[in-house]
Amino acid sequence: MQFDTANLTRKILKSLKEIMVENVSSTRRLKQIVDSLRDHLQADLCSCYVALDDDYLELFAISGLPNPEDAIHKVSLRYGEGVIGDAAISKKPISAANIFNHPKYVIKNEDEKIYPSMVVIPLIRANRTIGVITLRKKVEYEFSEAEVEILDTAAMVIAEVLSSDDMHDYKRKLISERGNADKNNRKGSSLSNGYGIGTAIVHRRSQPIKNIFVEDKQKEIEKLSKSHKIMIEDLDRKIIDNNITDKEQLEILEAYKMLATDKGWLRKIADNIRSGLTAEASAERVYEDMWARLSVIKDTYLKERLHDLRDITDRLRSYLSGDVIDEKIEEEDIIIIAKTMGPADLMDYDYNKIRGLVIEEGTPTMHVAIVAKALNIPVVAKVKGIFETIKNKTLVAIDGNEALIHINPDAQLQKTFKKRREEKIEEAKKLEELKELPIITKDEVDVNLYINVGLSFDLDYIPITNCDGIGLYRTEIPFMASNEMPSVDEQTTYYKELMDAVGDRRVVFRSLDVGSDKLLPYWNYKGEENPAIGWRSIRITLDRRAILRKQIRAFLRGAEGKVLNVMFPMISTISEFDDAKETLLLELEKEAKKGNPVPRDVKIGVMMEVPSLVFQLDELVNKVDFVSIGTNDMAQFVFACDRGNPKLTNRYDVLSAPFLNMLQLVVSKCNKAGVHCSVCGEMGGNPIEALALLGLGFRHLSMSGSSFGKVKKMVRSANIEEITDYMNDLLKSSRKSIRPQLISYAHDHAIEI
Ligand code: PEP
Ligand code: MG
């Protein structure tokens with residue numbers, strides 16, 4: 001479009017002048033300005049962000065939205081975050097016909113997807129960015145230099161408005177109100193989407209001790225005795241309330257109570273208080289002493305007692321600190337608040353009641369996040385200080401999409417969250433309808449989608465999704481949920497039940513993958529400097545061969561008369577695979593000799609999650625029946641980037657040439673050798689990442705049940721030939737990430753991501 005620049009500038013300045021002389025508040029003036037700019041420059045959206053402090057920008061005015069109040073003061077960006085934050089830091093305008101291609105672009109809201117073109121102008125005063133204005137259009141459109149210049153001129157006027165006393169007062173008032181309100185609205189990082197509202201249950205497990213040294217020893221001893229008394233009374237009451245009559249259960253509880261009422265234990269804690277420690281620190285010290293003496297003794301009974309002591313110590317400490325764990329949760333909807341959590345911890349709760357999880361620390365690939373995702377539970381993590389802020393039984397709402405936590409939400413917000421939850425249930429119903437449709441791309445290429453299973457709950461997804469089977473059964477999860485190593489018979493029962501639940505579909509059993517962050521409660525781990533690359537997974541099971549043999553025996557028996565697929569995790573060398581495979585074949589031979597039931601066929605595969613194995617592929621493909629890529633671990637090793645370190649969460653992207661080229665190398669070699677190759681890491685469950693995998697040549701993806709519908713929709717709207725061509729170019733890119741390119745490609749080609 002051609003502009004009469006001078007004329008347009010004149011018109012805009014005239015309009016701005018009229019707005020400036022009106023006797024209205026600065027916020028009203030700002031609204032009038034964005035309306036005028038949008039109108040004169042024929043844009044679809046015009047917004048103004050204001051710097052609230054030197055840390056972030058907040059949306060103060062917007063023109064073009066039907067309900068602007070839904071966005072104003074609700075959208076904010078940190079300096080440096082996204083294109084807007086980038087313009088604020090660089091103090092330079094940014095303009096793009098298709099902003100989704102911009103490497104800095106981050107999508108804040110799904111509704112933004114309809115505005116590809118964008119120009120961002122920083123508002124500068126005294127060499128500082130005090131705000132930003134943006135203009136967007138629904139079509140791809142290159143904003144001309146002349147238009148950018150006009151906006152630059154307007155920017156000077158807006159900077160005036162932002163510098164007025166009236167605006168300063170408004171901002172001050174806002175900040176001071178927030179001082180109170182903000183304590184109740186906290187932002188973190190989203191690890192799992194969705195909305196939830198419920199009663200906070202503070203998950204206390206061995207929290208750091210707040211005060212170590214005591215001031216008044218006598219008072220502290222009294223506190224100990226009072227807390228201990230209440231703890232024992234509560235224990236008694238719980239036994240009665242729960243109407244426990246089962247003999248075995250009562251015996252266990254009695255033994256537990258005996259330990260909790262042990263006079264020697266209490267005396268030792270009191271002695272430590274007398275030496276100057278607080279009751280909490282004393283209880284911890286007594287446990288540590290006991291652990292140091294008893295953990296070296298290989299006696300199951302003593303080990304169990306140590307576990308009990310750990311639990312009793314935690315329980316006593318929670319009574320001492322006033323944050324009591326009430327195992328019998330009456331509430332139907334709960335939000336768990338944790339400092340950090342292991343994957344088994346979630347199972348302490350009735351997960352039908354869990355509506356959300358807030359973790360002070362945490363990263364997307366931490367196992368508890370994976371488990372929560374599988375359960376469709378929203379998770380917000382990395383919220384500084386939240387653990388100390390939220391008290392037990394407070395009402396909390398969690399928005400996993402925007403990574404927001406609302407403490408004591410008002411009536412309106414409560415209503416909104418309940419409505420969102422209903423919408424989500426509705427959405428799940430729609431996904432149900434999808435289940436009867438074939439998993440096939442637009443150009444009629446068949447794709448197989450499987451689900452990852454760990455908890456028995458996951459099996460519910462089989463009829464819901466009508467998936468092609470289980471691409472990854474994390475067998476360690478039942479081990480982690482158990483109080484002791486499950487016997488061969490117990491394991492056989494799990495595996496048989498699983499095989500029965502899936503019918504004729506493919507199931508891939510992964511041998512025990514423990515160590516690193518997946519710890520068995522009944523196993524004493526010696527601390528390691530680098531557990532992720534330490535003694536874990538196949539390294540443990542090859543060294544403790546009896547565990548592997550027993551598990552294999554249970555696999556063979558559980559898959560009686562059916563096809564058994566077994567894969568070994570964390571394999572670094574072919575010889576490790578050979579060793580594990582040999583163990584399996586030997587067990588098979590022994591079982592057959594004994595006349596025990598065996599599978600109809602056995603397929604032996606490998607999890608590819610250690611980079612060294614990629615360089616042994618030529619030989620490996622001749623030895624394996626299938627390969628499954630664990631992209632979670634593979635990414636952490638390829639980028640040398642701890643998957644559990646929150647500081648590194650967004651540092652590297654799997655959607656970047658180095659990682660994707662490596663994946664392509666694996667899939668092409670496997671395809672050439674006729675070896676079944678799949679992805680079972682988190683990548684397979686993220687539609688945009690799954691799209692890239694299709695473009696690389698993958699046709700088998702395994703994901704959490706809750707991601708299945710989204711990925712199936714994506715597959716049905718994609719064209720393999722086109723995405724393959726497009727990916728070829730992207731694989732040469734040296735950008736940090738090709739995610740924006742893929743997102744914009746998906747938009748342009750109506751691929752549902
Ligand atoms: C992986 O590493 O990608 C994987 C699927 O295994 P886990 O997440 O259980 O380590
Ligand atoms: Mg792994």
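Before reading on, note that the structure itself is shown above.
Residues numbered from 1 in each chain as written. Chains lettered and ligands numbered in written order. Predicted model: local features only at pLDDT ≥ 70, side-chain atom pairs only at ≥ 80, totals over all residues. Heavy atoms only, no water.

## Description of the coordination of the magnesium ion (ligand 2)
Heads up, the condition is: Each metal site is built from N, O and S donor atoms within 2.8 Å (3.2 Å for Na, K and Ca), and since water is not included, such sites may look incomplete. Only DSSP runs of H or I reaching four residues or more are called helices, and only runs of E reaching two or more are called strands; each is numbered from the N terminus. Whether a residue is buried, partly exposed or exposed follows from its accessible area with a 1.4 Å probe, protein chains only, as a fraction of its type maximum: under 20%, in between, or over 50%, in that order.
In this structure, Glu-609 (OE) and Asp-633 (OD) serve as the protein donors to the magnesium ion (ligand 2), at separations of 2.1 to 2.2 Å. Placement of the pair is Glu-609 in the loop between strand 19 (601–608) and helix 20 (611–614) and Asp-633 in helix 22 (residues 631–638), with a sequence separation of 24 residues. For the pair Glu-609 and Asp-633, one class covers both residues: buried.

## Regarding the pairing of strand 14 (residues 404–407)
To be explicit about the condition: By definition, two strands form a pair when at least two bridges between them are found by DSSP.
Bridge analysis of strand 7 (residues 185–187) against strand 14 gives 3 bridges, and the strand direction is antiparallel. Following the sheet pairing, Arg-186 is matched in strand 14 by Ile-405. Across 4 bridges, strand 13 (residues 395–399) lies against strand 14 in antiparallel orientation. Bridging across to strand 14, Ala-397 finds its partner in His-406.

## Side note on the packing of aromatic side chains
Heads up, the condition is: Working definition: a ring pair exists when centres of Phe, Tyr or Trp rings (six-membered ring for Trp) sit within 6.5 Å. Plane angles under 30 degrees give stacked, over 60 give edge-to-face, the rest tilted. The criterion for a charge sitting over a ring is simple: Lys NZ or Arg CZ within 6 Å of the ring centre, and within 35 degrees of the ring normal.
Within this structure, the stated rule accounts for 14 aromatic pairs. With centroids separated by 6.1 Å and ring planes inclined at 80°, the aromatic side chains of Tyr-195 and Phe-417 adopt a geometry described as edge-to-face. Of this pair, Tyr-195 sits in strand 9 (residues 195–203) while Phe-417 sits in helix 13 (residues 411–434), and the two are 222 residues apart along the sequence. Residue Phe-417 is classed as buried on the basis of its relative accessible area, which comes to 1%. Seen from their ring centres, Tyr-726 and Tyr-745 are 4.3 Å apart, and the 20° between their planes marks the pair as stacked. Linking Tyr-726 in helix 26 (residues 720–730) with Tyr-745 in helix 27 (residues 739–748), this pair joins segments that are 19 residues apart in sequence. Accessibility expressed as a relative area gives 24% for Tyr-726, which makes it partly exposed. The exposure class assigned to Tyr-745 is buried, which follows from its relative accessible area of 6%. By way of ring pairs, the aromatic residues Tyr-473, Tyr-494, Tyr-495, Phe-509 and Phe-555 are connected into one cluster. Seen from the ring of Tyr-141, Lys-137 lies directly overhead, with NZ or CZ sitting 3.9 Å from the centre.

## Considering the state of the cysteines
Note the threshold: Two cysteine sulfur atoms make up a disulfide if the distance between them is within 2.5 Å.
Tallying each qualifying case throughout the model produces 0 disulfides. No disulfide involves Cys-670; its sulfur sits 4.0 Å from that of Cys-677, the nearest cysteine. Owing to a relative accessible area of 0%, Cys-670 belongs among the buried residues under this scheme.

## Details of the site of ligand 1
Basically, it comes down to this: Proximity criterion: a residue is near a molecule or strand once any of its heavy atoms comes within 4 Å of it. Definition of a polar contact: a pair of N or O atoms within 3.5 Å, with one able to donate and the other able to accept a hydrogen when the atoms are protein atoms, and with sequence-neighbouring residues admitted only if both atoms are side-chain atoms. Note on areas: Shrake-Rupley, 1.4 Å probe, and residue coverage restricted to the protein chains presented here.
If you check the shell around ligand 1, you find 15 residues, and the closest are Arg-474, Arg-510, Gly-630, Asn-632 and Arg-643. Here Arg-510 contributes a side-chain N or O atom positioned 2.9 Å from an oxygen atom of ligand 1. For ligand 1, an oxygen atom lies 3.0 Å from a polar atom in the side chain of Glu-609. Contact with the protein chains covers 100% of the free accessible surface of ligand 1, which is 290 Å². Elements with a contribution of two residues or more to the shell around ligand 1: strand 16 (469–474) and helix 22. The leading source of residues in the shell around ligand 1 is helix 22, at 3 residues.

## Here we look at the pattern of salt bridges
Formally: Each reported salt bridge corresponds to a side-chain nitrogen of Lys or Arg within 4 Å of a carboxyl oxygen of Asp or Glu.
As enumerated under the stated definition, the model contains 28 salt bridges in all. Note that Glu-284 and Arg-317 form a salt bridge whose closest N and O atoms lie 2.7 Å from each other. Placement of the pair is Glu-284 in helix 9 (residues 279–294) and Arg-317 in helix 10 (residues 300–321), with a sequence separation of 33 residues. Looking at Arg-317, the relative accessible area reads 5%, which means it is buried. Among the salt bridges present, the one from Lys-593 reaches Glu-589, with a minimum N-O distance of 3.8 Å. Residue Lys-593 and its partner Glu-589 are located together in helix 19 (residues 574–594), separated by 4 residues, close to a single helical turn. Residue Lys-593 is classed as exposed on the basis of its relative accessible area of 70%.

## Focus on helix 22
When you tally the buried positions in helix 22, you get 7 out of 8 residues, the bulk of the element. Within the span of helix 22, buried status applies to Thr-631, Asn-632, Asp-633, Met-634, Ala-635, Gln-636 and Phe-637. Ala-640 occupies a position one or two residues after helix 22 and carries a positive phi of about 50°.

## Re the sheet that holds strand 12 (residues 379–381)
The test is simple: Angles run from 0 to 180 degrees between N-to-C directions of axes, and those axes are lines fitted to C-alpha atoms, restricted for helices to the stretch in contact.
Reading across the sheet, the 8 strands line up as 7-14-13-9-10-11-12-8 and stay open at both edges, with mixed pairing between neighbours. Where the open sheet ends on each side, the last strands, each with one partner, are strand 7 and strand 8 (189–192). On average, adjacent strands in this sheet sit at an angle of 30° to one another, irrespective of strand direction. Summarising the sheet, strand 9 and strand 13 pair through 5 bridges and their orientation is antiparallel.

## Description of the side chain of Glu-280
Operational definition: Contacts are assigned to residue pairs that have any heavy atoms within 4.5 Å of one another.
Mapped onto the secondary structure, Glu-280 falls in helix 9. Of the residues examined, Glu-280 reaches a relative accessible area of 15% and is grouped as buried. In contact with Glu-280, other than residues within four places in its own chain, are Ile-209, Arg-317, Leu-320 and Ser-321.

## Let's talk about the environment of Lys-92
Positionally, Lys-92 belongs in the loop between helix 3 (82–90) and strand 4 (94–96). The spatial distance from the C-alpha of Lys-92 to the C-alpha of Ile-124 is 9.7 Å, given a sequence separation of 32 residues. Here Lys-92 is in contact with Ala-87 and Pro-122, once residues within four sequence places are set aside.

## Re the side chain of Ser-702
Locating Ser-702 in the fold gives a position in strand 22 (residues 700–704). Its relative accessible area of 1% is what places Ser-702 among the buried residues. In contact with Ser-702, other than residues within four places in its own chain, are Tyr-450, Ile-451, Asn-452, Gly-471, Leu-472, Val-679, Cys-680, Gly-681 and Gly-684.

## Points about the sheet that holds strand 4
One open sheet holds the 6 strands; their spatial order is 3-2-1-6-5-4, and the pairing between them is antiparallel. Because the sheet does not close on itself, it has two edges, and the strands there are strand 3 (76–78) and strand 4. The average undirected angle you get between the axes of adjacent strands in this sheet is 20°. Across the face of the sheet, helix 2 (residues 26–40) comes into contact with strand 1 (45–51), strand 2 (56–63) and strand 6 (128–137) while running at roughly 65° to strand 2. In the packing of helix 4 (residues 145–163) onto the sheet, the strands contacted are strand 1, strand 5 (117–125) and strand 6, and the crossing angle to strand 5 comes to about 45°.

## Structural notes on the pairing of strand 6
In terms of burial, strand 6 is a largely internal element, 9 of the 10 residues being buried. Bridging between strand 1 and strand 6 involves 6 bridges; their strand directions are antiparallel. By the bridge assignment for strand 6, Cys-48 is matched with Ile-133. In the sheet, strand 5 pairs with strand 6 via 9 bridges, with the strands oriented antiparallel. Looking across to strand 6, one finds that Leu-123 is bridged to Gly-131.

## Remarks on helix 1 (residues 5–21)
Heads up, the rule is: Each residue after the first adds 1.5 Å to the expected span of a helix. Relevant arc is that of directions from the helix axis to the C-beta atoms, nothing else.
With 17 residues, helix 1 should cover 24 Å at 1.5 Å per step; its first-to-last C-alpha distance of 24 Å lies within 8% of that length. Residues of helix 1 that are buried include every one of Leu-8, Thr-9, Ile-12, Ser-15, Leu-16 and Ile-19, and no others. Projected onto a plane normal to the axis of helix 1, the buried residues spread over an arc of 135° and lie on a single side. Set apart from the buried face of helix 1 by more than 90 degrees, the exposed residues are Arg-10, Lys-14, Lys-17 and Val-21. Looking at the buried residues of helix 1, the elements they touch are helix 2 and helix 4.

## So, the packing of helix 24 (residues 687–696) against helix 27
Heads up, the rule is: Note on terminology: angles under 35 degrees are roughly parallel, angles over 145 are roughly antiparallel, angles of 65 to 115 are roughly perpendicular, and the others are oblique. Ten residue types, Ala, Val, Leu, Ile, Met, Phe, Trp, Tyr, Cys and Pro, are classed as nonpolar, four, Asp, Glu, Lys and Arg, as charged, and the remainder, Gly among them, as polar.
At a minimum axis distance of 10 Å, the contact between helix 24 and helix 27 shows a crossing angle of 90°. Judged by the angle between their axes, helix 24 and helix 27 are roughly perpendicular. Two secondary-structure elements touch here, helix 24 through Ile-688, Glu-689, Leu-691 and Ala-692 and helix 27 through Arg-739, Leu-742, Ile-743, Tyr-745 and Ala-746. Looking at the contact of helix 24 with helix 27 residue by residue, the classes come out as 7 nonpolar, no polar and 2 charged.

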